[in-house]
Amino acid sequence: MTAQDEVPAARVNLLFNERAVRVPAGVTLFDAASWNGIAIDSTCGGHGTCKKCRIRIPADPPAPTSLDVRAYSAQELRDGWRLACRAIATKDSSVEVPPLTTRPKAATVGVGRQVILRPAVIKRYLELAEPTLGDQATDLERVLAALDDLELTADLAVLRALGRTLRESDYLITAVVVDDALIAVESGDTTGHCYGIAFDLGTTTVVATLLDLNTGTPVAVESMLNKQQPFGADVITRISATMLDSDALDKLTALAHQTLSELAADVCKQGDVDPAHVYEIAVAGNATMTHIALGIDPEPLGVAPFIMATRLYPPTLASDLGVQVHPRARAVVFPAFGAYVGGDITAGLLASGMDRDSRVRLFVDIGTNCEIVLGNRDWLLATAAPAGPAFEGAAIRCGMRAADGAIEVVTMTPDSVDLKVIGDAEPAGLCGSGLVDAVTALVKVGLLDSSGRFVPDEEAASRAPGIAERLSMIGQERVFMLTDSVYLTQRDIRELQFAKAAIATGWRILLEEAGLTEKDVQQVLLAGSFGSYLSPASAIRIGLVPKVPVLRVVSAGNVAGEGAKMALLSLRERAGGLALLEEVNYVELSDRADFNDRFIDQLAFPHHD
Ligand code: FES
């Protein structure tokens, strides 16, 4: 049986008016509808307070909830009327959705995804009655009674400040709720100040986006290099550091916290937002970065059989990650599929909407470790391919990161070489996309043969007379001079071949597992900072991605950061991210007997007409 034939048991079929959709069992009908772009009326965003999300399930409706009983008459309940945000999808059903009377607030995030705002953070302004001898309700009872549509807990820290806040503010307060916890009571009406920070915790770069949770708009964005850099450029060197030095984990954890905390302070300053008004953060990172940031020993991730401490992280506070915002702010930490397909990929898949699209799509996040996911809304297969450091510039003689001075685009004719440099600076080196472009162009003009070797001088002179003299020797090695000081060596080309062979072997094995061929891939999403720079035409030409029409190869940008934003803006998207863990089947490449032969087959550059 192929992956295509497999129908995960945990899904149900729903018919909303005329639209058939399949969703994971256990989600609310409100979420199921909005995931599939079907609008259901709501002004509370699914929190069970507006009672506008009216739907009718004519046949065999679920038992009414206590809110249904308050929202509908007995006859309406018998007729199958229910609140969509309280009805759970447990079995195949038909659902009638009345036309909209209000328009839900939505934001565009991810790869063109419309997300209906429904953050976990709710702020509600309350005007409470003052206690009297005849009204002896406690302070907490008074607050919770005004929030009786929510089932809340309050911890000791909230109680400690509650009495004074109520009395000083004349009982005019704003309650701050995250999920089912009352995390703060603030004086007066502060509902206009409600923020979250989404972090893309990369091995190299960390990006923070401050989001206004009332509107879904990004208020400020900042990035900085991960302060763990001195411990090594990639996850393996950082894991090794913890194996060699018993203090290294503490140091690395502290550096992760410093990075996140400085970025939080920067975005709040830039957006002119009081950090105390940030009530939730979301963090998407690979398994190693996430383990270290939480102070969990990453050593088992670095040695076979590559085991994570956990896939799902326990409830976490922003302060557990060193982020100084509201002291009781929560942290959403993206779960990982495996040691090498981490929370950044979970977030990326959420942002790309691969699990909701009928098209077969291939998601490739290119880096030292390359994560690959193939599939559509019915099935998803993932793997990780060890691409090595070629794309980060580390193993390339004149390689550098995609920063000012890096050659990012190379085009050639038999008579000329054209370069585009980041920041319009003097060329200082070659970043990953420039490397792919340069090699593609050399193959195209005929100075590199398909096995990846520079052709002999006479052949070069006849094929590309205007640029053949750029082929020369540095030491014992043949090189191609891109500028007077930036060049490409025969060994650099080998490194790129290894990287692209590892990636191509990865997606070819996934295609085979799914019983598909290259032609069946309807879209290729290139993710991560490298993917954003890479020219789709070059990626196809060297065989890094399947041979599909160039318009089908799309740069998806920083999808991990987008996924983190979506988790802050929408509880249902967050639930969708969690559901992915059940939906993705992981294919391990390293234990496949045929991996090496397949890898060697992929070293050559494909022939193109
Ligand atoms: S969406 Fe408001 S009550 Fe269901």
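The model shown is predicted, which means the values in this text are computed figures rather than measured ones.

For the protein chain, the count of helices and strands is 18 helices and 29 strands. Dimensions of the protein chain, computed from C-alpha atoms along their principal axes, come out at roughly 100 × 50 × 40 Å. The buried share among the 609 residues of the protein chain stands at 48%. Here the analysis covers contacts within the protein chain between residues at least 6 apart in sequence; of these, 66% occur between residues at least 24 apart.

Residues spaced three or four apart along an α-helix face the same direction, because each turn holds 3.6 residues. Where helix 5 (residues 156-168) bends most, the angle comes to about 40°, and this point is Leu162. For helix 5, the secondary structure elements touched by its buried residues are helix 4 (139-145), strand 9 (153-154), strand 10 (172-178) and strand 11 (181-187). Positioned one or two residues after helix 5, Asp170 has a phi angle of 55°, which is positive.

It is worth spelling out the sheet that holds strand 23 (residues 429-430) at this point. Two strands in a sheet stick together by hydrogen bonds in their backbones, pointing the same way (parallel) or opposite ways (antiparallel). Read across the open sheet, the 3 strands follow the order 22-21-23; overall the sheet is mixed. Edge strands, defined here as strands with exactly one partner in the open sheet, are strand 22 (416-421) and strand 23. Judged from the 6 bridges that link them, strand 21 (residues 406-413) and strand 22 form a sheet pairing that is antiparallel. Residue Thr413 lies in a different strand from strand 22, and its bridge partner there is Ser416. Set on the sheet, helix 11 (residues 432-445) makes contact with strand 21 and strand 23; between it and strand 21 the angle comes to about 10°.

Once that is clear, we can look at unusual backbone geometry. Cis geometry marks the peptide bond from Ala304 to Pro305, where omega comes out at 5°. Along the chain, the position of Pro305 falls in the loop between helix 9 (299-302) and strand 16 (316-317). Backbone geometry at Tyr171 places phi at a positive 65°, although glycine is not the residue there. Positionally, Tyr171 belongs in the loop between helix 5 and strand 10. The exposure class assigned to Tyr171 is partly exposed, which follows from the 17 C-beta atoms found within 10 Å.

According to the domain assignment, the protein chain consists of domain 1 (11-104), domain 2 (121-187), domain 3 (196-333), domain 4 (351-389 + 496-601) and domain 5 (392-490). Each of domain 1 and domain 2 has a C-alpha centre, and the two are 31 Å apart.

Scored by pLDDT, the protein chain comes out at a mean of 88, with 93% of its residues at no less than 70. Across residues 1-9 the pLDDT falls below 50, and counting only partners more than four positions away or on other chains, this stretch makes 14 contacts in the model.

Attention now moves to the sheet that holds strand 14 (residues 218-225). Ordered by their spatial adjacency, 6 strands build an open sheet running 14-13-12-15-17-16, and the pairing between neighbours is mixed. Each edge of the open sheet is held by one strand with a lone partner, namely strand 14 and strand 16. Note that strand 15 (residues 278-285) and strand 17 (residues 330-333) share 4 bridges and pair parallel. Each bridged residue has a counterpart across the sheet, and for Val283 the counterpart in strand 17 is Val333. Packed on one face of the sheet, helix 7 (residues 248-271) meets strand 12 (195-201), strand 13 (205-212), strand 14 and strand 15 and runs near 145° to strand 14.

Close contact between helix 6 (residues 235-244) and helix 7 brings their axes to 7 Å; oriented N to C, the two are set at 140°. Comparing the axis directions of helix 6 and helix 7 gives the class oblique. Of helix 7, the residues touching helix 6 (which contributes Arg238, Ala241, Thr242 and Leu244) are Ala248, Leu249 and Leu252. When grouped by side-chain class, the residues that make up the contact of helix 6 with helix 7 number 5 nonpolar, 1 polar and 1 charged.

Counting through the fold element by element, Gln229 comes out in the loop between strand 14 and helix 6. Residue classification places Gln229 among the partly exposed positions, given that 14 C-beta atoms sit within 10 Å. Considered as a pair, Gln229 and Glu262 are 33 residues apart in the sequence and their alpha carbons are 16 Å apart.

Another point: the pairing of strand 10. Along strand 10, 5 of the 7 residues are buried, which leaves the element largely enclosed by surrounding structure. Pairing between strand 8 (residues 121-127) and strand 10: 7 bridges, direction antiparallel. Paired with Val121 across the two strands is Val178, which belongs to strand 10. Inspection of the sheet shows strand 10 paired to strand 11 by 6 bridges, in the antiparallel sense. Bridging from a neighbouring strand, Val178 pairs with Ala181 of strand 11. Where strand 10 folds back on strand 11, the antiparallel hairpin that results is connected by 2 residues, among which Asp179 adopts a positive phi of roughly 55°.

So, about the nonpolar core. Judged by nonpolar contacts, the single largest core of 163 residues is most densely connected at Phe199, Val283, Val364, Ile372, Leu430, Ile503 and Ala564. Val283 has contacts with Phe199, Leu201, Thr290, Leu321, Ala331, Val333, Phe334 and Ala564, leaving out every residue within four places of it along the chain. Among the nonpolar cores identified, the runner-up in size contains 19 residues, and Ala33, Ile55, Ala71 and Cys85 belong to it.

Turning to helix 10 (residues 343-352), a few remarks are in order. The element helix 10 is largely enclosed, with a buried count of 10 among its 10 residues. When helix 10 is considered as a whole, its buried residues turn out to be Gly343, Asp344, Ile345, Thr346, Ala347, Gly348, Leu349, Leu350, Ala351 and Ser352. Just downstream of helix 10 lies Gly353, where phi reads positive at about 65°.

Right, let's talk about the pairing of strand 13 for a bit. Burial of strand 13 is extensive: 6 of the 8 residues sit out of reach of the surface. Both strand 12 and strand 13 contribute to a ladder of 7 bridges, which runs antiparallel. Pairing of Phe199 across the sheet is with Ala208, part of strand 13. Connecting strand 12 to the antiparallel partner strand 13 that follows it, the hairpin turn spans 3 residues.

Note that Leu571 resides in helix 17 (residues 571-583). Leu571 sits 291 residues away from Glu280 along the chain, and the two C-alpha atoms are 12 Å apart. Residue contacts for Leu571: discarding those within four places in its chain leaves Arg118 and Ala120.

Quick notes on the rules
Residues numbered from 1 in each chain as written. Predicted model: local features only at pLDDT ≥ 70, side-chain atom pairs only at ≥ 80, totals over all residues. Helix = DSSP H or I, 4+ residues; strand = E, 2+ residues; numbered from the N terminus. Buried ≥ 20, exposed ≤ 12 C-beta atoms within 10 Å, placed from the backbone. Contact = placed C-beta atoms within 7 Å. Bend = angle between axes of the 7 residues up to and from the residue. Pairing = 2+ DSSP bridges. Axes fitted to C-alpha atoms, helices over the stretch in contact; angles between N-to-C directions. Domains from an automatic or database assignment. pLDDT = per-residue confidence, 0-100. Parallel < 35°, antiparallel > 145°, perpendicular 65-115°, else oblique. Nonpolar A, V, L, I, M, F, W, Y, C, P; charged D, E, K, R; others polar. Core = buried A, V, L, I, M, F, W, Y, C linked by C-beta atoms within 7 Å.

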